[in-house]
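Architecture at a glance
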Amino acid sequence: MWREDWWNAAENGKVAVVRTFIEVGGEGLDEKAGDGYTALIYVAFYGHLEVVTVLVQAGAGVDVAENCGWTPLHIAAMQGHLEVCKYLVEDGKSASVN
């Protein structure tokens, strides 16, 4: 249940909940849902730059792909979240630019 709670908070841009999750251990940052989405992919989809930053700085995989091969960078680009894309490329060091 805890995973669903913090993922829901992440998807809704609630940075404080995500930070608390990380502070209490943050295990499973790259855990995948049934569709292969990680928390970072969901957050990139919704364009929450601050949460993306917190997750990446905590070690979430910027190049972990979902079931169809899309990474957080691909998802952010498809949704038009330019600032998230810039962060993933410049600060997150995403290799999925190719």
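As a convention, each chain's residues are numbered from 1 in the sequence order in which they are written. Totals for whole chains, interfaces and linings use all residues, but because this is a predicted model, local features are given only for residues with pLDDT of at least 70 and pairs of side-chain atoms are given and counted only at 80 or more. Hydrogen atoms and water are omitted, and side-chain values are computed over all heavy atoms in the structure.

1. With respect to the side chain of threonine 38
Inspection of the secondary structure assignment puts threonine 38 in the loop between α2 (15-23) and α3 (39-46). Every residue in contact with threonine 38, bar those within four places of it in the chain, is listed here: Trp7, Leu29, Asp30, Glu31, Lys32 and Val64. The helix and strand labels rest on DSSP assignments: H or I over at least four residues marks a helix, E over at least two residues marks a strand, and numbering proceeds from the N terminus. Residue contacts follow a heavy-atom distance rule, with two residues in contact if any of their heavy atoms lie within 4.5 Å.

2. Describing the confidence of the model for the protein chain
One number per residue, pLDDT, summarises how confident the predictor is, and it ranges from 0 to 100. Chain-level statistics for the protein chain give a pLDDT mean of 89 and a share of 93% at 70 or above. Mean pLDDT per element in the protein chain: helix α1 (residues 2-11) is the minimum at 77, and helix α5 (residues 72-78) is the maximum at 96.

3. What to know about the pattern of salt bridges
Where side chains of opposite charge bring their charged atoms close, a pairing between them can arise. Salt-bridge detection follows one rule: a side-chain nitrogen of Lys or Arg within 4 Å of a carboxyl oxygen of Asp or Glu. In total, this model carries 2 salt bridges according to the counting rule given. For glutamate 50, the salt bridge identified is with arginine 19, shortest N-O distance 3.5 Å. Separated by 31 residues along the polypeptide, glutamate 50 in helix α4 (residues 49-57) and arginine 19 in helix α2 bring together distant segments of the chain. The buried label goes to any residue with under 20% of its type's maximum accessible area, the exposed label to any with over 50%, and the partly exposed label to all in between, with areas taken from a 1.4 Å probe on protein chains only. Judged by relative accessible area, glutamate 50 falls into the partly exposed class, the value being 49%. With a relative accessible area of 38%, arginine 19 lands in the partly exposed category.

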